[in-house]
Amino acid sequence: MEEAITTLKVLIIGEADVGKSCLLLRFVEDTFDTQLTSTIGFDHKSKVITVFDNKVKLSLWDTAGSERFRTLTASYYRGAQGAVLVYDVTCRESFEKLDSWLIELETYATHKNIVKMLVGNKVDKHEQRQVTKQEGISYARRHQMLFVEASARTSENVTGCFEELVAKILHTPGLWTKKNDRENITLTDAPDNLGDGSVCGYC
Amino acid sequence: SQDPSLPEFKDFTTATEWEKFIASLEQLIEEWRLPNIVSTGPLANVSTGALGGGEWKSRSETVSFASFRMMVTRHYLEGSTKERSEEDQAKEALEETEEYQESLPFAMDDLLSFTNDFPAKAHFLVRWYGIRDFLLITPDMGDDTISTVDRQKMLLGSVCTALRNTNCQLPFFIQMHHPQEKIACGVMCAQGFHCYFNMVKLVHTPKGYDTLNGLLTLFKNKLCNSSFYTHLPVDVSIRFTYMLDDWSFFDLNSIPSHSLDVDQVIKFGDLPMGAGVEPISEFRLMVSWPHLAEDVVNDSIAHSDLVPANAPEWCVTIKYVSGPYCYLENYLGEFETVLSKNESLDLVLGSMLSDDIDPELANVMDRLAEPKVRVPDLAASIMPSDTREKRRRLTDDEILIKFMNYIFIPSIDQETVLSSSGHIDFGDISTALGSQSAEKLEEADEVEKFKEKLRALKTSSKNSIVWRLSLALIEAYHTCGGIEGLALLWVKVVGELRHHFERGYIISSIEPGAPNLGMCLLHQKIQMLNCCIETRNARELRESRKQKKKVPIDRMANCHFKMPPQSENPTEGENSSSDEDFFECSDSTSTSEPVGDDKSEGTPIQSPDDFKTLDDAPLSAEGRSKPFGALKLLSTDEQMWVPVCQQPSPMTEDMLQEQADAILKLASDPECSKMTARLQSASLFSDMESFKAANPGCQLADFVRWFSPRDWTEPIRDEKGEIVKAGELSQRMTIPGNMWQDLWEQARPAPTTRQKRLFDDTKEGEKILHELITMSLSDIANLLFPCIIQCGLEKICESVHKGPRDMIPFMEHLIEKTKQELRMRRPNYKDLIRRMYEAEIGIARAESLRQKLFRKEEPEETESSLKRYLAMKAQESSTVSVEELVLDLLDKPEVEIRGGAKSAVGRAITKLFENAQKAKLEDTTLSTKSRRLPASQQFPTPIGKEFILRTKYPRPSNNSRTGAHRIYAVITGNEFRLAGAFTEDMLFY
């Protein structure tokens, strides 16, 4: 099997109980577990996916949503190329707290042009919906994010969401480097496009 | 006679190798679509100096003649030729009858064109024949060459056949002899002309043929066997090249040497920079007379009109010394080698011990063996000890003190230490530029901008302790015995850090607070040490207050005495006044509550033992911070309190990485998923204990309401306030045996004071100090390099305006690159140093050029004040144009000088050559001092003379159509070469 061209670090953040761990579990193992406990601190999963015929290894960091873990989790923002911000469409509060997560991201992320994806989770619970799709869309537009509504339970849009994020990261210059990729700009040695190298007529 | 029903076979089964070869050449020509190639117009239209400055491309393929492999390459100037479109073909077919006679094939036009003589940079065939598109065949068999005449004729014949069969108009050359000889012969077939290219190369110049007159005779003889054919007008282009490569007439003492001499003052924070040798090897002046009629000038053995002062065109080019010795590169590069040295400190210092037995060092070794014992502090090392040093080493106390003082004692004038380098005396120019102070300000702004950018690097703040430490250690490496000096100073520094740690002195000159992950690792580690020191100081302060009456004062005073103000910083550990209030209160007899409390719960504190007896009994509360809104505990209906909690421990990036790695390892196994949660639960557990202590009688649901409110559903009440549905924990919290429940059951009510410390300052501090003292040299160098690189970049940025034109974008790119690189776990310092070297060379070259060209005119005293004023004005304008020249020279392979000898720049160059000539003459005759030399002696004899002679003339007979003929001659000291192109009409001969 060919090697992954790069490893991308992706964070999954958002309020507690919006389904971050469930989304991740659905994406990585394609299962849904109602018995998942509230995440303590951090969890990590990885998956290799293929985008544009390139294999990309995703290093996915699932964070605890609870307030008191924040100081601990913030330190893991370092070096992340992508962030998935999750809210629960059946819970307005989780949507309203998005601002504070964005501030968090801005403060701790090392890549200034980190790609953000807004995910409204739990769309399968139609009758309990509190946040409309339009609200999600306009919020994402205001903050230059990708947006999708998904459901970890029915797996609607889950894989697509991560693939889209990766595609966007790969298209963002300067955000990632290919393994062993080194560019060469020289100052003193002008390019010599005559293989012969006859710079001067004689001597 | 042949039966038409039978298919017609063509039989190639008996084709010879020769035929096969020709066929393969033809195939190649067809494949590359060359038969229909036409020019896009005269070369002058493509662009000026197109042959030298345009974009040349090439395309190659191998062909074989029997077993002899060869490479056919097409060299062409992009955009100068195109494939004839079909319309054009049709049109031309119509016009053929007239056109055929009129225009020459384009390659022949090129032979006659004088717009592209002497291209600055081109293939030798282009230089000699002025062609824009050609094919070249070279042997592709290692050392094998085409050197016999029959081979040459054979190939030439094949090529000729192929060209004619395909109707390809491009010149086709055959590389003869060794490629270095640059000998080729070739042919071009077009419109019934055959043009043959031939060369002569001799080691000695035949007498008389190094002059224009001699060459003209030769050319005419070749064409019509009669040198007296005077009506043959010959166009001439001439170029002479003068060279300077001996710079000894310059007083080189203006270039300072950063010698590693023993007696030299150690300069901290000022990295050396500049070239240690002359970076310019040759300065060439090319003067040319383009497009002369043959009879305009006279150049014979007896007399020559061809002197530089008369030449209408002047061109300058320079050659550089490849890889000149540069101070900064050497300074950094040498240290870079330490990165690959995996020796431990013990080993290095051990070898030092065996060198000269030194009791002091033996002591160091002892202490290294047991890191608990402190290495002598600054005060101790200041104590004079017996003299024993012959070489300069850090074991020399005076030097050691200098180093330690620099590192640990911040000086006020630190900012001003880095002054301008002043490597080359540039005073006269800066005064001349005085009027352009606005420009100066702009430059200063630019430098500031760079420094601002450098600040964003992952290093340490300028002049912080980490910065000084890094620079002192590299200096120690260079001036005080290499790795031994480095190792010894490192040991001393770590000893001093330990001293700070043990005595509770905050390390100064570094920002307070938790490790800043945006800084380099060493910066973080020192910050971490400070965190440890602060936390411990705070703890000891509390303890001492607690036992105010019992504890002897001296220990506390000791701890308090030297504490700098930073220690009060509230960011770390159990923080600030409220904590201390609380802790102080906790050991008095009553729990007076912190600010905002209603004092209702001031019951006496119980001994810790009582806690485990009754969990649900209303106990006195401890460790309350503030009420949590209006929430009441579910079972007791008491006010819910937010407890005082332990802050999570500060971490450096390597600690974070370690933890992340641990999680990564565990998380890959689903079974261990629980383990990762367990690993990270220390903080949660501590919070639970605090919560229990602050809220006696609470339950997990209460805790969840504070800690993770989203996991609690509030009870639903009807209009009368009756609870319809009781509040409940989320499903995931109620799963039996989940981590939260487990932890809750295990947690005892305990305020932070009685909990296990989350941040063990002693352990963490010891860990860092131990790590530092057991590092290998390569680890140490890795810690130090970020600051050193930044300092080097800063040094270069200070001179960024002295560099070539693209210096600023180059440095911007380099800084960006460094920014990326320093974020990596193992930055490629070698690459960064190489790039910095490039910048350093660029600046050194520019400075050297300025030094050469900005020679002050010797003031002539007889001049009147007006004259002097005019001279000054002239000098001002010349300064600007000479500066232009310097920058142009660095950018382009060849720089044309407008106005030639009479321009300001031209005068500066003449002066340069004249000075060199004077110096040369002074060696023999001392009389010429400070006299102007006559024009004929201002320049040395040219190292190269080039002549291009061309004409149109009917050959081989008078009835033939006129074709183009050209000779290119170059005469250098040890080479006489003629490259001729002569055309014959194959239709009318």
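One can find the structure itself at the top, above this paragraph.
Owing to the predicted nature of the structure, the values given are computational and were not obtained by experimental measurement.

Peer 1: Could you give an account of the overall build of chain B, naming the residues involved and the relevant values?
Peer 2: Helix and strand counts for chain B stand at 33 helices and 21 strands. The buried share of chain B, reckoned over its 989 residues, is 50%. When the accessible area of chain B is evaluated, it comes to approximately 47300 Å², of which 52% is carbon and sulfur surface.

Peer 1: With reference to specific residues and values, describe the packing of aromatic side chains.
Peer 2: Residue and element names in this part refer to chain B. For the structure shown, the criterion picks out 29 aromatic pairs over all chains. Centre to centre, the rings of Trp-314 and Phe-939 are 6.1 Å apart; their planes meet at 85°, and the pair counts as edge-to-face. With a gap of 625 residues between them, Trp-314 in strand E11 (residues 313-320) and Phe-939 in the loop between helix H33 (904-924) and strand E19 (944-954) connect regions that are remote in the sequence. As far as burial versus exposure is concerned, Trp-314 and Phe-939 are alike and both buried. Joined through ring pairs, the aromatic side chains of Phe-691, Phe-703, Trp-706, Phe-707, Trp-740 and Trp-744 make up one cluster.

Peer 1: For the packing of helix H25 (residues 700-707) of chain B against helix H27 (residues 739-746) of chain B, give the residues involved together with the corresponding values.
Peer 2: Residues and elements named next belong to chain B. Where H25 contacts H27, the two axes come as close as 11 Å, and the packing angle between them is 115°. Judged by the twist between their axes, the crossing of H25 over H27 is right-handed. Packed against H25, whose contacting residues are Leu-700, Phe-703 and Phe-707, the element H27 presents Trp-740, Gln-741 and Trp-744 at the interface. Tallied by class, the residues present in the contact of H25 with H27 amount to 5 nonpolar, 1 polar and no charged.

Peer 1: Kindly report on helix H29 (residues 777-798) of chain B, identifying the contributing residues and their values.
Peer 2: All names here are of chain B. Relative to the 32 Å expected for 22 residues at 1.5 Å per residue, H29 spans 31 Å between its end C-alpha atoms, a close match to the ideal helical length. The largest bend in H29 amounts to roughly 40° and is located at Phe-785, with the proline Pro-786 lying one to four residues further along. Of all 22 residues making up H29, 20 are buried, and the element is well covered by its neighbours.

Peer 1: Let's hear about the sheet that holds strand E1 (residues 6-14) of chain A: which residues, and what values?
Peer 2: Residue and element names in this part refer to chain A. Spatial strand order, E2-E3-E1-E4-E5-E6: 6 strands in an open sheet with mixed pairing. Each edge of the open sheet is held by one strand with a lone partner, namely strand E2 (42-51) and strand E6 (146-149). Each strand of the sheet is rotated relative to its neighbour by a mean of 25°, with strand direction disregarded. With 10 bridges connecting them, E2 and strand E3 (residues 54-63) associate as antiparallel partners.

Peer 1: Requested: an account of unusual backbone geometry, with residues and values cited.
Peer 2: We note that Phe52(A) has phi near 50°; this positive angle belongs to a residue other than glycine. Look at Phe52(A) and you get partly exposed, because its relative accessible area is 46%.

Peer 1: Summarise the environment of Asp133(B); cite the residues concerned and give the values.
Peer 2: Residue and element names in this part refer to chain B. As for its position among the elements, Asp-133 is in strand E5 (residues 133-139). On the basis of relative accessible area, Asp-133 is assigned to the buried category, the value being 1%. As for Asp-133 and Ile-37, which are separated by 96 residues in sequence, their C-alpha atoms are 9.7 Å apart. Excluding anything up to four places from it in sequence, Asp-133 contacts Ile-37, Arg-74, His-75, Tyr-76, Thr-81, Leu-170 and Pro-171. Within the structure, Asp-133 has its side chain in polar contact with the side chain of Arg-74 (distance 2.7 Å).

Peer 1: Requested: an account of helix H4 (residues 98-108) of chain A, with residues and values cited.
Peer 2: Residues and elements named next belong to chain A. Taken residue by residue, H4 has Leu-98, Trp-101, Leu-102, Glu-104 and Leu-105 as its buried positions. Looking down the long axis of H4, one finds its buried residues gathered within 155° of arc, a one-sided arrangement. With respect to the buried face of H4, the exposed residues turned more than 90 degrees away are Ile-103, Glu-106 and Thr-107.

How each quantity is defined
- Residues numbered from 1 in each chain as written.
- Chains lettered and ligands numbered in written order.
- Predicted model: local features only at pLDDT ≥ 70, side-chain atom pairs only at ≥ 80, totals over all residues.
- Heavy atoms only, no water.
- Helix = DSSP H or I, 4+ residues; strand = E, 2+ residues; numbered from the N terminus.
- Buried < 20%, exposed > 50% of the residue type's maximum accessible area, 1.4 Å probe, protein only.
- Areas by Shrake-Rupley, 256 points an atom, 1.4 Å probe, with all protein chains shown as cover.
- Phe/Tyr/Trp six-rings, centres within 6.5 Å; stacked < 30°, edge-to-face > 60°.
- Axes fitted to C-alpha atoms, helices over the stretch in contact; angles between N-to-C directions.
- Left-handed = near helix turned anticlockwise from the far one by under 90°.
- Contact = heavy atoms within 4.5 Å.
- Nonpolar A, V, L, I, M, F, W, Y, C, P; charged D, E, K, R; others polar.
- Expected span 1.5 Å × (residues − 1).
- Bend = angle between axes of the 7 residues up to and from the residue.
- Pairing = 2+ DSSP bridges.
- Polar contact = N/O pair within 3.5 Å; in protein donor to acceptor, adjacent residues only side chain to side chain.
- Arc of directions from axis to C-beta.

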